[in-house]
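# Close look at the chain arrangement
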Amino acid sequence: MATLLKGAAAAAALNERTAAVIEGLKAKGITPALGILRVGERPDDLSYERGAVKRCDALGIAVKKYLLPEDVSQEKLMETIKGINEDAAIHGALIFRPLPKHLDDEAVRQALLPEKDVDGITDGSLLGVFAGVPKGFPPCTAQACMEILEQAGIDPKGKEAVVVGRSLVVGRPAAMLLLQRNATVTICHTRTQDMEGVCRRAQILIVAAGRAGVIGADHVSAGQTVIDVGIHVGEDGKLRGDVDFQAAEPIVEAITPVPGGVGAVTTAVLASHVVEAASRSVRS
Ligand code: NAP
């Protein structure tokens, strides 16, 4: 039976480290603050927002919400982001995307200052991730995968790591974070030949394909650590991942559950990024 890599353990360890940094900031009279910018009321956004606010409240991070109607104009949205950029009391901002179709996502992405970009959406943050320099922040989900590995005591150094998915939100940044930790990294996508063989040779397999159960028994092998980023609601209303858990779990060494895996760590990462942004603002 595989070891279950529960997100709660990684989140708790990270929250403990974050709380210690907050204490130091508060001693200097600084309360870290997160700005949440939401357009409309998508259920996914509302659910993530509830989790983020709960986490921030528990840690003593202030939250200011910027709530705009579904039909907001581009001008009003850009003005709001400018306000966040200029407000020294807001250290980091979370902008929910995808935005309604009439809005220019690219302009929004680039409008936020990288130093406040705690969910890694700007080119500045991506440059930081790709160059391995502390500019902006990696996307929270990609970073959450690293926190799970760290909590499990798995050092990527020298290991063969395979990432399934090449999106800018998860796959590519996760691959870069593994590379920063000296793993030997392969990225798979829909044109990859012999997916099963490539995945099987991984010691660390991170799956962010956005297709329920796409990774099965043929893709995994003994001794592997499998991190499943996918989240899907099945016809039975239950959550499941990109990995067919029933098929993979008996074979691999360790695996994240869905729910209760990567998703359980993202708000802890978000909080840690806000606190790091606040710390950097003191240093600069
Ligand atoms: P995405 O933008 O749809 O990207 C999916 C990637 O997977 C693409 O690069 C695609 O390849 C590749 N892919 C799809 N099917 C494949 C297959 N059969 N074989 C190999 N590669 C395949 O998705 P995303 O935004 O990265 O999200 C990935 C998953 O993570 C989703 O299930 C999403 O719900 C979940 N997610 C979870 C969290 C969390 O907090 N846990 C946060 C964000 C996202 P091509 O580039 O060739 O099309």
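This text follows the structure it describes.
Everything in this summary refers to the structure shown in the same document. (Residues numbered from 1 in each chain as written. Predicted model: local features only at pLDDT ≥ 70, side-chain atom pairs only at ≥ 80, totals over all residues. Heavy atoms only, no water.)

In space, the six strands of this open sheet follow the order 1-11-8-7-5-6, with parallel pairing throughout. Of all strands in the sheet, those bounded by a partner on one side alone are strand 1 (3–4) and strand 6 (184–188). In terms of strand pairing, strand 5 (residues 160–164) meets strand 6 through five bridges, oriented parallel. Note that in strand 6 the partner of Val 163 across the bridge is Ile 187. Contacting strand 7 (204–207) and strand 8 (225–228), helix 6 (residues 140–151) runs over the sheet at an angle of about 145 degrees to strand 8. (Pairing = 2+ DSSP bridges. Helix = DSSP H or I, 4+ residues; strand = E, 2+ residues; numbered from the N terminus. Contact = heavy atoms within 4.5 Å. Axes fitted to C-alpha atoms, helices over the stretch in contact; angles between N-to-C directions.)

Residues Leu 34, Ile 61, Leu 178, Ile 206 and Ile 227 are the most contacted members of the largest nonpolar core, which totals 52 residues. Mapped onto this core, the elements with two or more residues apiece are helix 1 (7–27), strand 2 (33–39), helix 2 (43–59), helix 6, strand 5, helix 7 (171–180), strand 7 and helix 10 (266–283). Of all the elements, helix 10 adds the most residues to this core, at eight residues. The two domains that each donate at least three residues to this core are domain 1 (29–121) and domain 2 (140–263). The residues contacting Ile 227, other than those within four sequence positions of it, are Leu 5, Cys 145, Ile 148, Leu 149, Leu 205, Ile 206, Val 207, Thr 256 and Val 262. (Core = buried A, V, L, I, M, F, W, Y, C linked by side-chain atoms within 4.5 Å. Buried < 20%, exposed > 50% of the residue type's maximum accessible area, 1.4 Å probe, protein only. Domains from an automatic or database assignment.)

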